[in-house]
Amino acid sequence: MATKEELKAFREETAENFRDLKAEVADIRRAIENLQTRVGNMEGYSKEIDHLMERVHAIERHLGIKAKIAA
């Protein structure tokens, strides 16, 4: 059976581990929120790029140019 000192040490270690985990989760949450902000600002750009790519493709078709797609 564990002694009072061993139980106290176990509780302190567990509490410290939980503090570390909470801090890490908070860091991850901040990073995700930062990414959401960045991606949210890019949504309009991706639509514009898609629209421009469609126009370029139409111009290439009209001029008889075969599109070279990099692999």
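Residues numbered from 1 in each chain as written. Predicted model: local features only at pLDDT ≥ 70, side-chain atom pairs only at ≥ 80, totals over all residues. Heavy atoms only, no water.

Caption draft 1: Representation of the overall build of the protein chain in the model. From N to C terminus, the protein chain includes one helix and zero strands. In terms of C-alpha radius of gyration, the protein chain reaches 28 Å, well past the compact-globule figure of 11 Å for 71 residues. With respect to the principal axes defined by its C-alpha atoms, the protein chain has extents near 85 × 25 × 10 Å. Of all 71 residues assigned to the protein chain, the portion counted as buried reaches 0%. In the form shown here, the protein chain has an accessible surface area of approximately 7,300 Å², with 60% of it arising from carbon and sulfur atoms. Once the 13 positive and 14 negative side-chain charges of the protein chain are each reduced to a mean point, those two points are 6 Å apart. (Helix = DSSP H or I, 4+ residues; strand = E, 2+ residues; numbered from the N terminus. Rg over C-alpha atoms; globule rule 2.2 N^0.38 Å. Buried < 20%, exposed > 50% of the residue type's maximum accessible area, 1.4 Å probe, protein only. Areas by Shrake-Rupley, 256 points an atom, 1.4 Å probe, with all protein chains shown as cover. Lys, Arg positive; Asp, Glu negative; His and termini not counted. Charge placed at Lys NZ, Arg CZ, Asp CG, Glu CD.)

Caption draft 2: Looking closely at the pattern of salt bridges. Evaluation of the coordinates by the stated rule reveals one salt bridge. One salt bridge in this structure joins Asp27 and Arg30, with 2.3 Å as the shortest N-O distance. One end of the pair, Asp27, and the other, Arg30, are both in helix H1 (residues 4-63), three residues apart, so they sit about a helical turn from each other. (Salt bridge = Lys/Arg side-chain N within 4 Å of Asp/Glu carboxyl O.)

Caption draft 3: Structural view of the environment of Asn41. With respect to the helices, strands and loops of the structure, Asn41 is situated in helix H1. Judged by its relative accessible area of 54%, Asn41 is exposed. Note: C-alpha distance between Asn41 and Leu52 (eleven residues apart in sequence) is 18 Å.

Caption draft 4: Broad picture of a negative patch on the surface. The grouping of Glu13, Glu16, Asp20 and Glu24 at the surface amounts to a negative patch. When its relative accessible area of 47% is taken as the criterion, Glu24 is described as partly exposed. (Patch = residues over 30% accessible without salt bridge, like charges linked within 9 Å, V, L, I, M, F, W, Y side chains within 5 Å.)

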